[in-house]
Amino acid sequence: MAKSKRFWVFALIIWMAIIFFFTQLPYFTGENTSKAIFKLFAVEHDITQSPDAGWGLIKAVNIILRKASHLTGFGIIAFLLFQVFRNFRYPYLLSWFLTFLYAITDEWHQSFMPGRTASFQDVLIDGLGAFIALLLTFLFSSRKRKTQ
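Each chain carries its own residue numbering, running from 1 in the written order of its sequence. Given that this is a predicted model, residues contribute local features only at a pLDDT of at least 70 and side-chain atom pairs are listed and counted only at 80 or more, while totals for whole chains, interfaces and linings are drawn from all residues. Side-chain descriptors were evaluated using all non-hydrogen atoms of the structure, hydrogens and water having been removed beforehand.

### A look at the nonpolar core
Here is step 1 of the chain: Counting residues in hydrophobic clusters, the biggest one holds 13 residues, and the most contacted among them are Leu12, Ile19, Phe74, Ile77, Leu81 and Tyr102.
Here is step 2 of the chain: Think of it this way: any DSSP run of H or I at least four residues long counts as a helix, any run of E at least two long counts as a strand, and we number them from the N terminus. Counting residues per element, the ones that place at least two in this core are helix H1 (3–24), helix H3 (55–85) and helix H4 (91–110).
Here is step 3 of the chain: By residue number, the principal contributor to this core is H3, which donates six residues.
Here is step 4 of the chain: When neighbours within four sequence positions are excluded, Phe74 is seen to be in contact with Ile19, Thr99, Tyr102, Ala103, Asp106, Asp126 and Ala130. Nine residue types can take part in a nonpolar core, namely buried Ala, Val, Leu, Ile, Met, Phe, Trp, Tyr and Cys, and a core is a set of them joined through side-chain atoms within 4.5 Å. The cut-offs for exposure are 20% and 50% of the maximum accessible area for each residue type, with area from a 1.4 Å probe on protein chains only; residues under the lower value are buried, those over the upper are exposed, and the others partly exposed. In what follows, a contact means two residues having at least one pair of non-hydrogen atoms within 4.5 Å.

### What about the side chain of Asp126?
Here is step 1 of the chain: Along the chain, Asp126 falls in helix H5 (residues 120–147).
Here is step 2 of the chain: Counting rule for charge: Lys and Arg are taken as positive, Asp and Glu as negative, and neither His nor the chain ends is counted. By definition here, a salt bridge exists when the distance from a side-chain nitrogen of Lys or Arg to a carboxyl oxygen of Asp or Glu is within 4 Å. Among buried Asp, Glu, Lys and Arg side chains, Asp126 stands out as unpaired, with Lys67 the closest opposite charge at 8.1 Å.
Here is step 3 of the chain: The term polar contact refers here to a pair of N or O atoms within 3.5 Å; inside protein, the definition further demands a hydrogen-donor-capable atom paired with an acceptor-capable atom, and it admits residues adjacent in sequence only when both atoms are side-chain atoms. Within the structure, the side chain of Asp126 is placed 2.6 Å from the side chain of His70, a separation counted as a polar contact.
Here is step 4 of the chain: Sequence-distant contacts of Asp126, defined by excluding residues within four places in its chain, comprise His70, Phe74, Ala103 and Glu107.

### Some words on the packing of H1 against H4
Here is step 1 of the chain: Contact pair H1 / H4: the axes reach a minimum separation of 9 Å and the direction vectors enclose 25°. With respect to their mutual orientation, H1 and H4 come out roughly parallel. Here H1 runs over H4; the crossing is right-handed. Facing Met16, Ile19, Phe20, Thr23 and Gln24 of H1, the residues of H4 in contact are Tyr102, Asp106, His109 and Gln110. For helices, the axis comes from a line fit to the C-alpha atoms of the stretch in contact; other axes are also lines fit to C-alpha atoms, and the angle between any two N-to-C directions lies between 0 and 180 degrees. Roughly parallel means an angle under 35 degrees; roughly antiparallel means over 145; roughly perpendicular covers 65 to 115; every other angle is labelled oblique. We call a crossing left-handed when the near helix sits turned anticlockwise from the far one by less than a right angle, and right-handed when that turn is clockwise.

### Considerations on the packing of aromatic side chains
The geometry of an aromatic ring pair is captured by the separation of the ring centres together with the interplanar angle, meaning the angle of the planes.
Here is step 1 of the chain: The criterion for an aromatic pair is that two Phe, Tyr or Trp rings (for Trp, the six-membered ring) have centres within 6.5 Å, with stacked assigned to planes under 30 degrees apart, edge-to-face to planes over 60 apart and tilted to the rest. A full pass over the atoms with the stated rule returns nine aromatic pairs.
Here is step 2 of the chain: With 6.0 Å between their ring centres and 40° between their planes, Phe74 and Tyr102 make a pair best called tilted. Linking Phe74 in helix H3 with Tyr102 in helix H4, this pair joins segments that are 28 residues apart in sequence.
Here is step 3 of the chain: Take Phe74: its relative accessible area is 3%, and that puts it in the buried class.
Here is step 4 of the chain: Overall, the relative accessible area of 14% leaves Tyr102 in the buried class.

### Concerning H5
Here is step 1 of the chain: The end-to-end C-alpha distance of H5 is 41 Å, a good match for the 40 Å that 28 residues give at a rise of 1.5 Å each.
Here is step 2 of the chain: Those residues of H5 that sit buried are Asp122, Val123, Ile125, Asp126, Gly127, Gly129, Ala130, Ala133, Leu134, Thr137, Ser141 and Ser142.
Here is step 3 of the chain: At the N-terminal end of H5, a side-chain oxygen is found 3.2 Å from the backbone nitrogen of Gln121, two or three residues along, and the residue is Ser119. Helix span, as expected, comes to 1.5 Å for every residue beyond the first.

### Points about the pattern of salt bridges
Any two side chains of opposite charge can pair, so long as their charged atoms come close to each other.
Here is step 1 of the chain: Going through the model one piece at a time under the given rule, you end up with one salt bridge.
Here is step 2 of the chain: Its salt-bridge partner being Lys67, residue Asp122 comes within 2.6 Å of it at the nearest N-O pair. Remark: Lys67 occurs in helix H3 and Asp122 occurs in helix H5; sequence separation between them is 55 residues.
Here is step 3 of the chain: In this structure Asp122 comes out as buried when scored by relative accessible area, which is 6%.

### Things to note about the confidence of the model for the protein
Here is step 1 of the chain: Overall, the prediction assigns the protein a mean pLDDT of 85, with 79% of residues at 70 or greater.
Here is step 2 of the chain: By definition, pLDDT measures how confident the predictor is in each residue, and it falls between 0 and 100. Taken element by element, the protein is modelled with least confidence in helix H2 (residues 30–45), mean pLDDT 63, and with most confidence in H4, mean pLDDT 96.

### Section: a nonpolar patch on the surface
Here is step 1 of the chain: The patch calculation keeps residues exceeding 30% relative accessible area without a salt bridge and links them within 9 Å when they carry like charges or within 5 Å when they are nonpolar (Val, Leu, Ile, Met, Phe, Trp, Tyr). Note on areas: these come from Shrake-Rupley sampling with a 1.4 Å probe, and a residue is covered only by the protein chains present in the view. Together, Leu128, Phe131, Ile132, Leu135, Leu136, Phe138 and Leu139 line one region of the surface with nonpolar side chains, adding up to about 650 Å² of accessible area.
Here is step 2 of the chain: Inspection of the secondary structure assignment puts Leu139 in helix H5.

Below you can see the structure in the form of structure tokens.
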């Protein structure tokens, strides 16, 4: 295996392990991240006067942050898989499929963690993140080829 391919395989394994690790942590439930965001808003914007103050905004920020982390995390997996399989036939499709498969197994794993739930919606968001990352990879690499 070439030195650069080993690097990409190692980076992929590390990133997948990080996602696996974060899936196990109860701190990253929707409720806990909402509490953390509330604390940030309470300090920054002094909304502690009313217990309901700002909860609509906090819920929206929570959803955006959580879904953005899915898009980003699985987009990174797709990019790393592409780097590993770039010399294979259909590397974009293979990378997307394997990322989607990992997203399914990640949600299944999450279903066994106390305080966590599995969501097929999150799998779809993970697949979208993979698609976006691979599309950007394709656009960047085809633009790079045109300039050479």
